[in-house]
Amino acid sequence: MPDPYAAVKAHFADVDGVTVNAGRGAQGLKVGSKMIAMFGKGDLLLKLPPERVQAHIAAGRGLPYDPGTGKVLKNYLVVPAAKKRSWIRLCEEAAAAAS
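Residues numbered from 1 in each chain as written. Predicted model: local features only at pLDDT ≥ 70, side-chain atom pairs only at ≥ 80, totals over all residues. Heavy atoms only, no water.

1. Focus: the confidence of the model for the protein chain
Then, in step 1: Residues of the protein chain with pLDDT of at least 70 account for 100%, and the chain-wide mean is 93.
Then, in step 2: By mean pLDDT, the top-scoring element of the protein chain is helix α2 (residues 50–58) (98), and the lowest-scoring one is strand β1 (residues 18–21) (92). (pLDDT = per-residue confidence, 0-100. Helix = DSSP H or I, 4+ residues; strand = E, 2+ residues; numbered from the N terminus.)

2. Considering the pattern of salt bridges
Then, in step 1: Counted according to the given criterion, the structure contains 2 salt bridges.
Then, in step 2: For Lys-9, the salt bridge goes to Asp-3, with nearest N and O atoms at 2.8 Å.
Then, in step 3: Owing to a relative accessible area of 17%, Lys-9 belongs among the buried residues under this scheme.
Then, in step 4: In this structure, Arg-52 engages Glu-93 in a salt bridge whose closest nitrogen and oxygen atoms are separated by 2.7 Å. (Salt bridge = Lys/Arg side-chain N within 4 Å of Asp/Glu carboxyl O. Buried < 20%, exposed > 50% of the residue type's maximum accessible area, 1.4 Å probe, protein only.)

3. Side note on the nonpolar core
Then, in step 1: With 21 residues, the main nonpolar core has Leu-29, Ile-36, Leu-44, Leu-46 and Cys-91 as its most contacted residues.
Then, in step 2: When contributions to this core are tallied by element, the ones reaching two or more residues are α1 (6–12), β2 (28–31), β3 (34–40), β4 (43–47), β6 (73–79) and α3 (87–98).
Then, in step 3: Of all the elements, α3 adds the most residues to this core, at 6 residues.
Then, in step 4: Ignoring any residue separated from it by four or fewer positions in sequence, one finds Cys-91 in contact with Val-8, Phe-12, Leu-29, Ile-36, Ala-37, Leu-44 and Leu-46. (Core = buried A, V, L, I, M, F, W, Y, C linked by side-chain atoms within 4.5 Å. Contact = heavy atoms within 4.5 Å.)

Set out below in structure tokens:
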């Protein structure tokens, strides 16, 4: 089965300041010690400022994130696999926001 995140991992492999965390535990992208993107269940979970999360949701680029508690986390955006072409651009935005 091909890795749905391969293009994102390859893009950020040589980007200064961004670490591709692909080992044990949470897989995703880090800026310093901050996890900015997480890979899971075929979707991408991004940490962004709340106003950017709302803008992306309003534009149809992502969905609110509920970790299963019934409470939506305002600074996280789920970008489904159907929107995969936007993943790298949105990860770049998340990295810039974390810097």
